[in-house]
Amino acid sequence: MSGFVLKRVLQAAFVLLVVTLFVSYAVRLTGDPAIMLAQGAGSVTEQDLANIRKGLGLDQPFLVQYGAFLRGLLHGDFGKSFMGGTPVAQLIGDALPATLSLAGLSLLLSVLVSVPLGIQAAIHQGKGTDQFIRIISLVGLSFPNFWLAIMLVLLLSITFPLLPPSGWDGPLSLVMPALTMAIILSATNVRLVRTAMLETLSAQYIMVARAKGLSERIVLYKHALRNCAIPLITYIGLQFGNLIGGIVVVEKVFNWPGLGTLAFDAISGRDYPVLQGTVTVLSLIIVLVNLLVDMAYGLVDPRIRSK
Amino acid sequence: MKLKALLASGTIALACLAAPASHAAGTLTVALHQDPGNWDPVATFLVSWGAVGSQIFDGLIMRTPDMKLVPGLATKWEFLDKNTKIRFTLRQGVKFHDGEPFDADAVKFTFDRLLGDEGKKGPQQSNYTSIDKVVVVNPTTVDFIMKSPDPVLLTKLAGYGAMIVPPKYVKEKGSEYFGAHPVGTGPFKFVEYKPKISLALEKNAAYWGGSPKVDNLTYRFIAEPATQAAELQAGRVDVANQIPLAMVDTIKKDPKLAVVSMDGPVALALRYNTKRGIMQNRDVRKALTLAVDRDAIIKSVLLGQAKPIASFQGTLSFGNDPALKPLPFNPKEAMALLKKAGVKPGTQIQLDFRGPDSNFREVAQAVAGYLQAVGITVTLKPYETNVLLNDIIPNGKTGEMWQNQWGGWTFDYDNTAYAMYYTKQRWNPFDDDAKLNALLHQQRNTWDQAARKDTLQEIARYVADQSLEMPLYSLNTVYGINKRAKDLALPADGRFRFVDARVD
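Residues numbered from 1 in each chain as written. Chains lettered and ligands numbered in written order. Predicted model: local features only at pLDDT ≥ 70, side-chain atom pairs only at ≥ 80, totals over all residues. Heavy atoms only, no water.

Chain B appears in an unreviewed UniProt entry as ABC transporter substrate-binding protein from Ramlibacter agri. Per UniProt, the comment on chain B under Sequence similarities (unreviewed entry) is "Belongs to the bacterial solute-binding protein 5 family." (UniProt positions renumbered as here; feature names shortened; annotations may be inferred.)

You'll find chain A entered in an unreviewed UniProt entry as ABC transporter permease, with Ramlibacter agri given as the organism. Word for word, the UniProt comment on chain A under Sequence similarities (unreviewed entry) is "Belongs to the binding-protein-dependent transport system permease family." The Subcellular location (unreviewed entry) field of the UniProt record for chain A holds the comment "Cell membrane".

A word on unusual backbone geometry
Residues and elements named next belong to chain B. Of note in this structure, Lys 196 is not a glycine but carries a positive phi near 70°. By secondary structure assignment, the location of Lys 196 is in the loop between β8 (188-194) and β9 (198-203). Residue Ala 489 is not a glycine yet carries a positive backbone phi of 45°. Relative to the assigned elements, Ala 489 resides in the loop between β18 (485-486) and β19 (502-503). (Helix = DSSP H or I, 4+ residues; strand = E, 2+ residues; numbered from the N terminus.)

Concerning the pairing of strand β15 (residues 376-383) of chain B
All names here are of chain B. Looking at chain direction, strand β14 (residues 347-354) and β15 are connected through eight bridges and run parallel. Each residue of the ladder has a partner; that of Gln 348, found in β15, is Thr 377. The handedness of the β14 to β15 crossover, carried by helix α13 (residues 358-373), is right-handed. (Pairing = 2+ DSSP bridges. Right-handed = clockwise from strand over helix to strand, strands pointing away.)

A closer look at the domain arrangement of chain B
All names here are of chain B. In terms of domains, chain B is made up of domain 1 (27-218 + 483-503) and domain 2 (263-477). Using C-alpha coordinates to define each centre, domain 1 is positioned 34 Å away from domain 2. Across the contact, 22 residues belong to domain 1 and 17 residues belong to domain 2. For the pair domain 1 and domain 2, the summed buried surface comes to about 1400 Å²; carbon and sulfur atoms form 70% of the total. Taken as a group, Pro 149, Pro 151 and Ala 492 account for 39% of the area that domain 1 buries against domain 2, more than any other trio of residues on that side. (Domains from an automatic or database assignment. Contact = heavy atoms within 4.5 Å. Buried area = accessible area lost by both parts, 1.4 Å probe.)

Notes on the side chain of Asp431(B)
Residues and elements named next belong to chain B. Relative to the helices and strands, Asp 431 resides in the loop between α15 (413-421) and α16 (434-444). Lacking a salt bridge, the buried Asp 431 has Arg 271 as its closest oppositely charged neighbour, with an N-O distance of 4.5 Å. A polar contact is formed between the side chain of Asp 431 and the side chain of Thr 274, at a distance of 2.5 Å. If near-sequence neighbours (up to four positions away) are discounted, Asp 431 is found in contact with Thr 274, Thr 423 and Leu 468. (Buried < 20%, exposed > 50% of the residue type's maximum accessible area, 1.4 Å probe, protein only. Lys, Arg positive; Asp, Glu negative; His and termini not counted. Salt bridge = Lys/Arg side-chain N within 4 Å of Asp/Glu carboxyl O. Polar contact = N/O pair within 3.5 Å; in protein donor to acceptor, adjacent residues only side chain to side chain.)

Topic: the environment of Asn330(B)
All names here are of chain B. The topology assignment puts Asn 330 in the loop between β13 (306-308) and α12 (331-340). As for Asn 330 and Ala 287, which are separated by 43 residues in sequence, their C-alpha atoms are 8.7 Å apart. One polar contact links the side chain of Asn 330 to the main-chain amide nitrogen of Glu 333, over a distance of 3.1 Å.

Notes on the pattern of salt bridges
Across all of its chains, the model carries 33 salt bridges over all chains by this definition. Where Asp58(B) meets Arg497(B), a salt bridge forms, and the shortest distance between an N and an O atom there is 3.2 Å. Here Asp58(B), found in the loop between α3 (47-56) and β2 (61-63), pairs with Arg497(B), found in the loop between β18 and β19; they are 439 residues apart in sequence, far enough to count as distant. The buried category is assigned to Asp58(B), whose relative accessible area is 0%. The shortest N-O distance in the salt bridge between Asp143(B) and Arg87(B) comes to 2.8 Å. Of the two residues, Asp143(B) is situated in strand β7 (residues 141-146) and Arg87(B) in strand β5 (residues 85-90); the sequence distance between them amounts to 56 residues. What makes Arg87(B) partly exposed here is its relative accessible area of 25%. Because the salt bridges share partners, they merge into one network encompassing Asp169(A), Arg220(B), Glu231(B) and Arg236(B).

Quick word on the UniProt feature "transmembrane region" (unreviewed entry) in chain A
Residue and element names in this part refer to chain A. As recorded in UniProt, the sites labelled "transmembrane region" (unreviewed entry) are residues 100-123, 135-160, 172-192, 232-254 and 274-300. Between the C-alpha atoms that bound residues 100-123 there is a distance of 34 Å. The span itself is 100% helix and 0% strand. For the annotated span residues 172-192, helix accounts for 100% and strand for 0% of the residues, and the straight-line distance between the end C-alpha atoms is 30 Å.

Re the packing of α15(B) against α16(B)
Residue and element names in this part refer to chain B. Relative to each other, α15 and α16 sit at 150°, their axes nearing to 10 Å. Overall, the two elements α15 and α16 adopt an arrangement that is roughly antiparallel. Here the hand of the crossing between α15 and α16 comes out left-handed. Contacts between α15 and α16 pair Asp 414, Ala 417, Tyr 418 and Tyr 421 from the former with Leu 436, Asn 437, Leu 440, Gln 443 and Arg 444 from the latter. Looking at the contact of α15 with α16 residue by residue, the class counts come to five nonpolar, two polar and two charged. (Axes fitted to C-alpha atoms, helices over the stretch in contact; angles between N-to-C directions. Parallel < 35°, antiparallel > 145°, perpendicular 65-115°, else oblique. Left-handed = near helix turned anticlockwise from the far one by under 90°. Nonpolar A, V, L, I, M, F, W, Y, C, P; charged D, E, K, R; others polar.)

Some thoughts on the side chain of Ser110(A)
Residues and elements named next belong to chain A. By secondary structure assignment, the location of Ser 110 is in helix α5 (residues 88-123). Judged by its relative accessible area of 0%, Ser 110 is buried. Among the polar contacts listed, one links the side chain of Ser 110 to the side chain of Asn 189, at a separation of 2.8 Å.

What about the packing of aromatic side chains?
Residues and elements named next belong to chain B. This model, assessed by the stated rule, comprises 26 aromatic pairs over all chains. Between Phe 496 and Phe 498, the aromatic rings sit 5.0 Å apart at their centres with planes inclined by 20°, giving stacked as the arrangement. A network of ring pairs unites the aromatic residues Trp 49, Phe 57, Tyr 160, Tyr 169, Tyr 177 and Phe 178 as a single cluster. Above the plane of the ring of Trp 427 lies Arg 426, whose end atom (NZ or CZ) is 5.6 Å from the centre. (Phe/Tyr/Trp six-rings, centres within 6.5 Å; stacked < 30°, edge-to-face > 60°. Lys NZ or Arg CZ within 6 Å of the ring centre and 35° of its normal.)

Shown next, in the form of structure tokens:
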């Protein structure tokens with residue numbers, strides 16, 4: 001198992017290196033931060049812009065800038081925000097818990113909802129319950145996340161003032177963003193659970209289990225669910241990447257103080273260090289999750305370890 | 001209705017848990033669209049800095065909400081030695097928030113810093129380069145020695161980079177610390193700053209201009225206008241500085257809320273690429289300007305929250321000439337001019353604009369519609385804003401027309417006109433007109449405001465006569481407010497000063 005882990009860790013490190021290189025290069029194609037900083041500064045001259053660029057180290061060749069970024073990374077230093085000079089590590093440190101709690105809760109909510117619903121749909125395949133669940137999940141799939149977010153705000157903050165519409169004001173602030181994400185996630189998860197369960201239920205060992213006279217509960221939750229865990233874990237692992245992508249939009253609408261908002265503002269402000277830092281951390285999270293997923297296979301199914 | 005009642009009653013307990021919705025007594029909460037990230041006056045030029053800076057800091061001169069210049073930390077100023085020296089008499093007995101006294105040394109320190117290496121790092125310096133140096137005469141008197149006349153200087157001293165900073169504090173703590181923990185002489189004192197989330201201030205009871213009426217002032221950074229509107233509707237912010245135009249009516253209808261709208265500093269124009277194709281012909285440019293009904297666009301797309309303009313400035317701008325009227329909507333004359341110029345119906349031109357600006361996208365579509373009606377086919381080309389500003393415009397790579405939007409914080413046409421029309425300026429990739437250059441130079445090198453006004457008006461008339469652009473409109477400054485907040489004295493330039501504000 002340790003060889004397997006080492007190989008995966010090396011792969012992960014390589015992926016991160018490629019991502020940072022690509023992101024650092026790409027952000028520099030998006031435009032000049034100097035003009036953003038000089039915004040509104042009357043008749044700003046080329047000399048002023050050059051001074052600002054020099055102050056930010058942008059007069060250096062790209063590889064030199066990238067090298068400095070990498071050297072900083074090795075020391076845990078993400079550099080400073082162009083906008084105001086706050087250390088990027090501090091900004092990320094403040095934002096990370098907000099994003100992780102949102103992502104974690106959304107995922108949890110969606111699993112709690114979608115697994116039982118998916119199983120019910122599978123058991124009642126073709127019947128009314130199945131149809132109903134499939135229609136509901138189709139409706140859920142069709143919502144764009146920002147639209148859903150705005151509708152929730154209108155309903156739960158304005159029409160019925162129950163929840164704060166944005167920002168962080170204690171645990172209640174988590175409800176709407178997590179709900180938005182969870183609804184979107186559950187829509188696909190339900191269908192996935194249903195399909196996986198249907199496949200498993202048609203397997204011979206399930207028939208054997210039933211023939212042995214085991215209760216339907218035990219058959220479903222002990223035998224069947226464990227066997228369709230692999231595709232589910234894979235999918236949820238992959239989904240984490242999408243989840244993070246969706247979080248950028250949802251965080252923005254709810255003004256949620258997380259990495260998504262940070263990244264979004266960094267893009268619009270051409271704040272290279274902040275964007276490099278957030279994307280690096282987000283990719284690190286995605287890579288880590290995938291690593292964990294791979295290892296989880298090993299735990300669930302010993303055959304994978306030996307491959 | 002039953003469901004609504006049930007939901008409402010069944011969840012009152014929950015609503016109580018969500019109690020941060022209610023305000024602490026004496027706290028005014030303001031939503032800002034952006035966190036400038038640094039509270040050091042030399043560091044940035046963003047409007048969102050100005051919205052906070054005037055609460056924490058004072059300039060030598062100040063501006064009232066209706067943009068009049070009044071004494072600030074200087075009680076009077078006089079021009080000496082043939083206008084090469086400005087002598088400021090300073091207010092006595094003023095202290096910075098940390099107890100450090102305000103005096104002539106603080107003024108000198110502020111400007112040495114702004115004009116020196118520290119200032120070089122930010123965009124502020126370029127606005128003050130007409131100052132050669134600041135000389136201390138005695139603790140309550142300083143002289144500004146001028147390199148060249150700068151007729152907009154007094155206005156500039158009322159804001160942004162020219163805010164007076166505490167020498168001892170800045171020297172001891174360093175600029176980085178100062179940027180995150182600002183200290184000034186203003187009506188509010190710094191309490192806590194959470195980057196990207198909020199800034200908390202409290203009243204400076206010892207403020208020389210009288211203690212503010214509210215105890216606390218909180219800024220929340222909310223970028224999304226729709227979210228600002230939702231926070232306003234939920235009663236959790238008292239002032240929202242950006243609300244979507246489409247929400248204005250909804251907010252007006254809410255008995256607890258109000259919309260405050262006034263003439264603002266932001267003007268928009270479609271500039272013409274005078275080097276390209278049919279646009280080289282002045283008659284063609286004039287025809288395009290005549291062909292578009294800007295009043296109708298303002299009414300239908302901008303829901304009335306803008307004013308038509310005849311030159312690239314708003315009504316509050318120094319140099320604005322009320323006698324200069326926008327060209328009327330006259331498609332017949334436009335077609336005649338185009339015919340005379342030999343422009344064939346169906347001729348294609350391209351309009352470059354800021355794609356992410358959904359309001360302007362509709363404006364651009366309307367303009368294209370009007371031009372289509374006189375036989376010109378417009379291809380709309382949306383760019384990501386920064387690409388348009390950095391790559392397309394300064395390098396002269398635009399289509400026949402391009403969107404230009406300008407904020408003019410000094411409310412002086414010089415600021416705009418110089419950047420737009422002087423040869424080889426960043427925002428003037430196409431025009432090279434000796435007459436314009438001479439006029440621009442002339443108004444910049446005199447302290448005589450009456451003469452300047454004449455020159456600026458002449459510039460505006462000349463630009464209109466040459467049809468260098470299609471002036472569109474100046475945007476209103478629109479705030480959403482909660483009526484529980486009183487005496488807000490909201491300024492057109494977004495630079496709040498809540499000294500007299502109260503909250504019920």
